[in-house]
Amino acid sequence: MASTIMRDQQVVGMLGGALPWKNIEHYIHAMKTRFEESVGSGARFFLVSPSGYYWYHWNPAKVVHYKKDTHGRVILNEIGEKVAVRSSLWEDPDLTLRKNAKMILGTNKGYIEMASSGEHKGHYLLFNKVKSSGYILGLFVPKTIVSSAVNDVRMYLIGLAVFVILLLVLTSYWLGYRISQPITKLSALTQAIRSGKTVQPYEPIGKDETAELTKNVFTMLDVLRANEKALKESDERFSLAMAGANDGLWDWDIQRKSVYYSPRWKSMLGYEPHELQNRFEVFQDLLIPSDVPRMDEALKTLFSGNDSSFEIECSLQHKNGYQVNVLCRAYLVRNSEGEPQRLVGTHVDITERKKQEAFNKRLNEKLEAHVQERTRELDERNAQLEAAMKIAEEAS
């Protein structure tokens, strides 16, 4: 038995458990003994699932089992799994069973007179659905058991049918209480966890495998709640840190081809959160054409190399038409095979810094030109002075 755990419409885990088949076999053999004591050894019964597959049958070949070769070895499929063989009412060789399979599986209780030919000729089939589980108990009773005197055949048959059906009903309730009820309760518990409902722990009754599994479910639930609380606190701290840094966050899931852009990432370019879709193509469209080759080469080098991070400056188009200079930093996450799986990074608006750098560059260039001009003037004056001094020396 298994049940998925959902959060935000996504599967985040699975809870499951198993009840040893020997426990169920014990109950079945106990019922078989009761039936034989009540209606004789000629009675035979079976147990089928809600979908019609045999889970107990006097013929072991019809019960779910592993397929074996002529040497008794279990046969494996192409991926190494054991091949299972199962039979159902829908495929039973008996035509009467096949024709009435839908009625048997869809009715709470009833009986069928079997055909005069086939494996079950001369029998009545009495069946009853097991409460809480949907499984069906079927009992084949020979007509000879219910036909003592000719004049009392009908009354005897009716009385025996009522008795057997009553016995089946009581057995069904007993089977449901001992097997189905704890499993149904555990299934309801996992359904509540999966839907995100608040679950209050309770002490399971008994010390069997189902009770132990229920305790383990509550232990795991406590661990999940503690981890969820820690994750929420961590997310809050991260959100506060990002808000303080005023950086734009982006998260690219390379395998799923999806991207998350934070509200700050979008507002940095003049957009509201709903105005830009979370697609990688959005970043490519906003990147100015002259920076596209550099960005493609940087990503190609990162994905094909051994580095796990990169840093690059680029320019993106603002909603109002001007360019926003950003410093792009990113960290690459690889899977167990070393393939790129996820790229997480930030954008820092460095437009004002780039403007200041451009201003400083222009100022330096202007200053350097002025110095060069003054140096040239000084050189000319020095040359003139040296020429005058030389003329004065010659005159003296």
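Above this text is the structure in question.
### Here we look at the overall build of the chain
Part 1: A tally of regular secondary structure across the chain gives eight helices and 14 strands.
Part 2: Counting over 396 residues, the chain shows a buried share of 32%.
Part 3: Long-range contacts, defined here as pairs at least 24 residues apart, represent 45% of the contacts in the chain between residues at least 6 apart.
Part 4: Put simply, the chain shows about 25600 Å² of open surface, and 54% of that area lies on carbon and sulfur atoms.

### Examining the sheet that holds strand β8 (residues 123-129)
Part 1: Taken together, the five strands give an open sheet; going across it, the order is β4-β3-β9-β8-β7, and neighbouring strands pair in antiparallel fashion. Edge positions in the sheet fall to β4 (54-56) and β7 (109-113), since each has one partner strand and no second. Strand-to-strand, the axes of this sheet are offset by a mean angle of 25 degrees, without reference to chain direction.
Part 2: Across seven bridges, β8 lies against strand β9 (residues 136-142) in antiparallel orientation. For L125, the partnering residue across the bridge sits in β9 and is F140.

### Things to note about the environment of M103
Part 1: Mapped onto the elements of the fold, M103 is located in helix α2 (residues 95-106).
Part 2: Setting aside residues up to four positions removed in sequence, M103 forms contacts with I112 and F127.

### A word on the sheet that holds strand β12 (residues 309-317)
For sheets, the rule is that strands pair by backbone hydrogen bonds, running either parallel or antiparallel.
Part 1: Spatially, five strands are ordered β11-β10-β14-β13-β12 in an open sheet, and the strand pairing comes out antiparallel. Edge positions in the sheet fall to β11 (258-261) and β12, since each of these pairs with one other strand and no more. Going from strand to strand, the sheet's axes swing by 20 degrees on average, the running direction of each strand aside.
Part 2: Pairing analysis gives six bridges linking strand β10 (residues 248-253) to strand β14 (residues 340-349), with the strands arranged antiparallel. Looking at β14, one finds that W250 is bridged to G345.

### Some points on unusual backbone geometry
Part 1: At K257, a residue that is not glycine, the phi angle is positive and equals roughly 60 degrees.
Part 2: Taking the relative accessible area as the measure of exposure, K257 reaches 74% and is therefore exposed.

### Here we look at the pairing of strand β13 (residues 323-334)
Part 1: In this structure, β12 lies alongside β13, joined through nine bridges in antiparallel fashion. Along β13, the bridge assignment pairs Q317 with Q323.
Part 2: Here β12 folds back onto β13, and the loop between the two strands holds five residues, one of which, G321, carries a positive phi near 105 degrees.
Part 3: In textbook terms, the turn of a hairpin is the stretch between consecutive antiparallel strands, and for β13 and β14 this stretch comprises five residues, one of which, G338, has a positive phi near 85 degrees.

Calculation notes
- Residues numbered from 1 in each chain as written.
- Predicted model: local features only at pLDDT ≥ 70, side-chain atom pairs only at ≥ 80, totals over all residues.
- Heavy atoms only, no water.
- Helix = DSSP H or I, 4+ residues; strand = E, 2+ residues; numbered from the N terminus.
- Buried < 20%, exposed > 50% of the residue type's maximum accessible area, 1.4 Å probe, protein only.
- Contact = heavy atoms within 4.5 Å.
- Areas by Shrake-Rupley, 256 points an atom, 1.4 Å probe, with all protein chains shown as cover.
- Pairing = 2+ DSSP bridges.
- Axes fitted to C-alpha atoms, helices over the stretch in contact; angles between N-to-C directions.

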